[in-house]
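The chain contents come next:
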Amino acid sequence: MTVIITGGAGFIGSNFIFHMLKKYPDYRIICLDKLTYAGNLSTLKSVMDNKNFRFVKADICDRETVCKLFEEERPDVVVNFAAESHVDRSIENPDVFLQTNIMGTSVLMDACRKYGITRYHQVSTDEVYGDLPLDRPDLFFTEETPIHTSSPYSASKASADLLVMAYHRTYGLSVTISRCSNNYGPYHFPEKLIPLIIANALNDKPLPVYGKGENIRDWLYVEDHCKAIDLIIHNGRVGEVYNIGGHNEMKNIDIVKLICRELNKPESLITYVADRKGHDMRYAIDPTKIHNELGWLPETKFADGIKKTIKWYLENREWWEEIISGEYRNYYERTYGNLNCYT
Ligand code: NAD
Ligand code: TDX
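Residues numbered from 1 in each chain as written. Chains lettered and ligands numbered in written order. Predicted model: local features only at pLDDT ≥ 70, side-chain atom pairs only at ≥ 80, totals over all residues. Heavy atoms only, no water.

Student: For this particular structure, what's the right way to read the site of ligand 2?
Tutor: Of all residues adjacent to ligand 2, which total 21 residues, the nearest are Glu 127, Tyr 153, Arg 276, His 279 and Tyr 336. Ser 85 has a polar backbone atom sitting 2.8 Å from an oxygen atom of ligand 2. Pro 208 places a main-chain nitrogen or oxygen 3.0 Å from a nitrogen atom of ligand 2. When isolated, ligand 2 has an accessible area of 650 Å², and the protein chains bury 94% of it. In terms of residue count, strand β8 (residues 207–210) provides more of the shell around ligand 2 than any other element does, 3 residues in total. Classifying every residue of the shell around ligand 2 by side-chain character gives 9 nonpolar, 7 polar and 5 charged. (Near = heavy atom within 4 Å. Polar contact = N/O pair within 3.5 Å; in protein donor to acceptor, adjacent residues only side chain to side chain. Areas by Shrake-Rupley, 256 points an atom, 1.4 Å probe, with all protein chains shown as cover. Helix = DSSP H or I, 4+ residues; strand = E, 2+ residues; numbered from the N terminus. Nonpolar A, V, L, I, M, F, W, Y, C, P; charged D, E, K, R; others polar.)

Student: Which parts of the structure should I look at to understand the packing of aromatic side chains?
Tutor: The relation between two aromatic rings is expressed through the spacing of the ring centres and the mutual angle of the planes. Evaluated as defined, the whole model comprises 18 aromatic pairs. Here Phe 16 and Phe 81 contribute two aromatic rings whose centre-to-centre distance is 5.3 Å and whose plane-to-plane angle is 50°, an arrangement assigned as tilted. Separated by 65 residues along the polypeptide, Phe 16 in helix α1 (residues 11–23) and Phe 81 in the loop between β4 (77–80) and α3 (87–92) bring together distant segments of the chain. Judged by its relative accessible area of 11%, Phe 81 is buried. Grouping aromatic residues by their ring pairs yields a cluster made of Phe 18, Tyr 187, Trp 312, Tyr 313 and Trp 319. Sitting over the ring of Tyr 37, Arg 89 keeps its end group 3.5 Å from the ring centre. Residue placement shows Lys 289 over the ring face of Tyr 242; its charged tip is 4.9 Å from the ring centre. (Phe/Tyr/Trp six-rings, centres within 6.5 Å; stacked < 30°, edge-to-face > 60°. Buried < 20%, exposed > 50% of the residue type's maximum accessible area, 1.4 Å probe, protein only. Lys NZ or Arg CZ within 6 Å of the ring centre and 35° of its normal.)

Student: Got a minute to help me understand the pattern of salt bridges in this structure?
Tutor: If charged atoms from side chains of opposite charge come close, those side chains can pair. If you walk through the whole model with that rule in mind, you get 24 salt bridges. Measuring nitrogen to oxygen at the nearest pair gives 3.0 Å for the salt bridge that ties Glu 72 to Arg 54. Of this pair, Glu 72 sits in helix α2 (residues 63–73) while Arg 54 sits in strand β3 (residues 53–57), and the two are 18 residues apart along the sequence. Residue Arg 54 is classed as partly exposed on the basis of its relative accessible area, which comes to 26%. (Salt bridge = Lys/Arg side-chain N within 4 Å of Asp/Glu carboxyl O.)

Student: What am I meant to see in the packing of helix α6 (residues 193–202) against helix α8 (residues 252–263) here?
Tutor: In helix packing, the relevant descriptors are the interaxial angle and the interaxial distance, both defined with respect to the helix axes. Between α6 and α8, the shortest axis-to-axis distance is 10 Å and the interhelical angle comes to 40°. By crossing handedness, the relation of α6 to α8 is classed as right-handed. On α8, the residues touching Leu 193, Ile 194, Ile 197, Ile 198, Ala 201 and Leu 202 of α6 are Asn 252, Ile 255, Val 256, Ile 259 and Leu 263. The class makeup of the residues in the contact of α6 with α8 is 10 nonpolar, 1 polar and no charged. (Axes fitted to C-alpha atoms, helices over the stretch in contact; angles between N-to-C directions. Left-handed = near helix turned anticlockwise from the far one by under 90°. Contact = heavy atoms within 4.5 Å.)

Student: Would you explain the sheet that holds strand β2 (residues 28–33) in this entry?
Tutor: Sheets are built from strands paired through backbone hydrogen bonds, the pairs being either parallel or antiparallel. Strand order in this open sheet of 7 strands is β3-β2-β1-β4-β5-β6-β11, and the pairing throughout is parallel. A single partner strand is all that each edge strand has here, and the edge strands are β3 and β11 (240–244). Each neighbouring strand pair of the sheet contributes to a mean axis angle of 20°, computed without reference to strand direction. The strands touched by helix α4 (residues 95–115) are β1 (2–6), β4 and β5 (119–125); relative to β5, the strand with the most contacts, the crossing angle is about 165°. (Pairing = 2+ DSSP bridges.)

Student: Explain the site of ligand 1 here, please?
Tutor: If you check the shell around ligand 1, you find 28 residues, and the closest are Ile 12, Asp 33, Ser 85, Tyr 153 and Lys 157. Between ligand 1 and Ile 12, the relevant distance is 2.8 Å, taken from an oxygen atom to a main-chain nitrogen or oxygen of the residue. Between Thr 36 and ligand 1, the recorded distance is 3.0 Å, taken from a backbone N or O atom to an oxygen atom. Taken by itself ligand 1 offers 840 Å² of open surface, and the protein chains cover 97% of this. At the level of secondary structure, the elements contributing two or more residues to the shell around ligand 1 comprise α1, β5 and α5 (152–171). Looking at which element gives the most residues to the shell around ligand 1, the answer is β5, with 3 residues. Classifying every residue of the shell around ligand 1 gives 13 nonpolar, 11 polar and 4 charged.

Given below as structure tokens:
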């Protein structure tokens with residue numbers, strides 16, 4: 001079996017590559033990644049010499065190069081993680097989100113049609129459902145919840161999902177889609193809440209919390225997400241959407257305080273900053289379908305997963321310190337300028 005994994009130099013894609021190479025040592029795994037600011041080749045260094053692994057630096061929007069790779073490798077399965085993934089950046093500049101997340105998806109699926117595949121899997125997000133009110137804890141996102149997006153990021157991911165279903169209906173492409181809640185774990189880029197708070201706390205820098213910190217996210221350890229995608233590409237029903245989430249809803253402020261406690265840092269580092277524009281209030285996934293059909297259940301409890309994650313950031317300082325000292329500084333200064341954390 002040959003599997004092309006796009007966006008494999010990013011957070012979830014790299015964890016998925018590690019999972020697949022370990023679990024299926026005779027699969028051929030090809031990572032196609034543009035290496036944007038969010039992609040790090042150093043993340044993949046432990047697998048670069050694996051004879052069943054190949055890394056190709058390319059843009060999923062580059063039709064010619066994508067087709068050349070499909071011609072050479074004749075993949076059975078394509079798993080598309082490649083995306084612009086940060087909501088705040090999409091608010092600053094939507095263009096590249098539309099290009100990569102929508103156009104890139106169509107280029108990949110055109111190549112799948114041309115060369116034939118057994119499965120195209122689109123890694124989507126719970127953000128396509130919009131948000132839920134804080135005062136209705138009885139409500140959850142199911143696969144039937146209408147698409148209702150808030151940010152240019154979520155609108156671009158929802159557009160891609162619609163295209164994927166259109167390619168299935170119109171061309172009979174063998175597709176599946178997964179919509180997962182917020183992930184956390186190793187190799188999470190330090191612009192996202194959990195790694196940002198860990199990195200700032202370790203450096204005794206202010207911990208920026210948007211608005212009042214009351215917004216709720218439903219956190220899942222990244223390995224559990226990878227296991228769910230593995231099940232879907234092997235056993236999921238073609239043309240179906242699967243929600244992935246572990247019923248672990250937490251307020252942002254509670255996460256930030258928990259990280260302070262774990263690192264023995266004072267809560268006085270917490271700094272309330274201007275709210276995100278259009279900030280979604282609450283995400284909460286109902287994972288009944290993937291549990292009933294594929295037997296998936298999350299294995300890592302948040303209390304353990306967050307400890308493992310913090311330990312990883314403590315033991316891999318060079319990985320994230322290199323990121324926060326590079327080009328990322330410009331973004332940080334534009335976004336959190338008055339906090340001036342890395343100067
Ligand atoms: P990430 O930003 O860490 O990684 C994205 C990767 O895609 C990077 O390696 C980047 O170089 C690559 N990439 C970007 N544009 C590309 C292009 N045009 N061509 C080829 N490669 C390109 O993202 P992530 O957090 O790992 O998310 C992966 C996927 O999972 C995304 O599709 C995202 O929407 C989805 N998702 C993420 C989460 C989460 O909590 N992080 C939750 C649900 C769904
Ligand atoms: O500095 C911050 N302060 C803060 O309060 C940052 C970066 C975030 N936040 C808040 C915003 C959100 O309510 O924390 C919450 C989590 O923010 P992010 O880590 O940016 O994640 P989110 O916007 O929820 O989106 C993530 O989950 C769904 C991923 O980045 C998406 O790619 C995925 O689709």
